[in-house]
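# An overview of the molecular structure
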Amino acid sequence: MIPAETPKKLRLAILVGSKGRGSNLMNLLEASAAGEIPAEVSLVVSPVADNPASLFAHEKGVAVQVLSPKTEDYDSKLLDTLMEHKVDLVCLAGYMTLLPNIIVRRYSGKILNIHPALLPKFGGKGMYGVKVHEAVIEGKERESGATVHWVTERYDEGEIVIQIRCSVEPDDTPETLSQRVLACEHLAYRQAIRMVAGYD
Ligand code: GAR
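Residues numbered from 1 in each chain as written. Predicted model: local features only at pLDDT ≥ 70, side-chain atom pairs only at ≥ 80, totals over all residues. Heavy atoms only, no water.

### A short note on the site of the ligand
Convention followed: Near is defined per residue: the residue qualifies when any heavy atom it owns lies within 4 Å of the molecule or strand. Counting of polar contacts relies on pairs of N or O atoms within 3.5 Å, with two restrictions inside protein: one atom must be capable of donating a hydrogen and the other of accepting it, and residues adjacent in sequence are counted only when both atoms are side-chain atoms. Here the open area of atoms and residues is found with the Shrake-Rupley method and a 1.4 Å probe, where only the protein chains shown may cover a residue.
Taken together, 13 residues form the shell around the ligand, and within it Arg21, Gly22, Ser23, Asn24 and Glu185 come nearest. A distance of 2.9 Å separates an oxygen atom of the ligand from a polar atom in the side chain of Asn24. Within the side chain of His115, one N or O atom sits 3.2 Å away from a nitrogen atom of the ligand. With the chains in place, 92% of the 450 Å² that the ligand exposes on its own is no longer accessible.

### Digging into the environment of Leu177
This is how the line gets drawn: Counting from the N terminus, the helices are the DSSP runs of H or I reaching at least four residues and the strands are the DSSP runs of E reaching at least two. Categorising residues by exposure relies on relative accessible area from a 1.4 Å probe, with only protein chains included: less than 20% of the type maximum marks a residue as buried, more than 50% marks it as exposed, and the intermediate range marks it as partly exposed.
Following the sequence through the fold, Leu177 ends up in helix α6 (residues 174–196). Of the residues examined, Leu177 reaches a relative accessible area of 0% and is grouped as buried. Through-space distance from the C-alpha of Leu177 to that of Gly145 is 9.2 Å; in sequence the pair is 32 residues apart.

### Focus: the nonpolar core
This is how the line gets drawn: Here, nonpolar core refers to any group of buried Ala, Val, Leu, Ile, Met, Phe, Trp, Tyr and Cys residues whose side-chain atoms link them within 4.5 Å. A contact between two residues is defined here by any heavy atoms of the two lying within 4.5 Å.
If you look at the biggest cluster of nonpolar residues, it comprises 41 residues, and the most contacted ones within it are Leu12, Ile14, Leu112 and Ile193. Aside from chain neighbours lying at most four places away, what touches Ile14 is Leu25, Leu28, Val41, Leu43, Val44, Val45, Cys91 and Ala93. Within the second largest apolar cluster, 19 residues are counted, among which are Leu43, Leu78, Tyr95 and Leu99.

### A short note on the packing of helix α1 (residues 23–33) against helix α2 (residues 52–59)
To keep things clear, this is the line we draw: Here an angle of 0 to 180 degrees is reported between the N-to-C directions of two axes, which are lines fitted to C-alpha atoms, with helices fitted over the stretch in contact. Reported orientations rely on four angle classes, namely roughly parallel under 35 degrees, roughly antiparallel over 145, roughly perpendicular from 65 to 115, and oblique for the rest. Classification convention: Asp, Glu, Lys, Arg as charged; Ala, Val, Leu, Ile, Met, Phe, Trp, Tyr, Cys, Pro as nonpolar; all other residues, Gly among them, as polar.
Contact geometry for α1 and α2: axes closest at 9 Å, N-to-C directions at 25 degrees. The orientation of α1 with respect to α2, classified from their angle, is roughly parallel. For the pair α1 and α2, contact is made by Leu25, Met26 and Leu29 and by Ala53, Phe56 and Ala57, respectively. A per-class count over the contact of α1 with α2 returns 6 nonpolar, no polar and no charged.

### Here's the deal with helix α5 (residues 130–138)
Put simply, the test is: To obtain the arc, one takes the directions from the helix axis to the C-beta atoms.
Within the sequence span of α5, burial applies to Val132, His133 and Val136. Looking straight down α5, one finds that the buried residues subtend no more than 95 degrees of arc, so they occupy a single side. Contacts made by the buried residues of α5 are with β5 (111–115), β6 (143–150) and α6. Taken from the residues just after α5, Lys140 is the one with a positive phi, measuring 55 degrees.

### Considerations on the pattern of salt bridges
Pairing of side chains with opposite charge becomes possible as their charged atoms draw close. Where we set the bar: Only one rule defines a salt bridge in this text: a Lys or Arg side-chain nitrogen within 4 Å of an Asp or Glu carboxyl oxygen.
Scanning the model with the defined rule gives 8 salt bridges in all. Note that Lys121 and Glu141 form a salt bridge whose closest N and O atoms lie 3.1 Å from each other. Pair noted here: Lys121 is in the loop between β5 and α5 and Glu141 is in the loop between α5 and β6, with a separation of 20 residues, a long-range link. Residue classification places Lys121 among the partly exposed positions, given a relative accessible area of 45%.

### Observations regarding the side chain of Asn51
With respect to the helices and strands, Asn51 occurs in the loop between β2 (39–46) and α2. With relative accessibility at 2%, the residue Asn51 sits in the buried group. Asn51 has contacts with Val16, Gly17, Ser18, Lys19, Gly20 and Ser46, leaving out every residue within four places of it along the chain.

### A look at α2
For an α-helix, 3.6 residues make a turn, and residues three or four places apart therefore share a direction. Residues of α2 that are buried: Ala53, Ser54, Phe56 and Ala57. Within α2, the buried residues cover an arc of 165 degrees as seen down the axis, which keeps them to one side. In α2, those exposed residues whose orientation departs by more than 90 degrees from the buried face are His58 and Glu59. Packed against the buried residues of α2 are β1 (10–16), α1, β2 and β3 (63–66).

### Some words on the sheet that holds strand β4 (residues 89–93)
So the rule is basically this: We treat two strands as partners when DSSP finds at least two bridges between them.
Read across the sheet, 7 strands follow the order β3-β2-β1-β4-β5-β6-β7 without closing on themselves; strand pairing throughout is mixed. The open sheet has two free edges, formed respectively by β3 and β7 (160–167), since each of these has just one partner strand. Looking at each pair of strands side by side, their axes are set apart by 20 degrees on average, direction ignored. The sheet contact formed by β5 and β6 spans 4 bridges and is antiparallel. Each residue of the ladder has a partner; that of Ile114, found in β6, is Val148. Contacts between α2 and the sheet are confined to β1, β2 and β3, with β3 contributing the most and set at about 145 degrees to the helix. Its contacts with the sheet place helix α3 (residues 74–84) against β1, β2, β3 and β4, and it is angled at close to 160 degrees to β2.

Below is the structure:
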């Protein structure tokens, strides 16, 4: 849990990937506006300026920092950006690379990730997006869902905060399953933020 000196509203940074569709970002912005989470989205960090997540954030007046993991001094630039925006909680949403160690250490216990499956199954390097749902269907799983977990220096291994489950239907394709799981993701991220803020 975020420690006792938690401010009334947590300042969130959402880190997205280059293809950033932005549905988790939109979900958290909506939840914040509706007062459903004790948090506000203060910053979006994206490797590119023109993915849907960045464009949406820009439209909503949220600060967008374009910063690619390939940039020289990426680690210190990312750290500076998070500190400059006084970020309390970092939320990964489609961020596909490992976070630099310096960030994981500095924000230890303050970084969440969302994964589109029931970890520890179907996680690890290379397991992202549609590949996860393909593997779940191939594995003949009867249920899937979303996991929100704390971020460590390894892929998908930190302590689980919450999981929300859904069925895998016999006629599911990776696309139909991904839609069902995405609904779980949106519930899970809202719930996780309430939990880490000490509300639930
Ligand atoms: C989400 O489905 C998230 O679970 C997944 O990327 C998508 C981002 O969607 N993350 C991973 O697969 C991490 N291993 P969004 O841009 O609509 O939020």
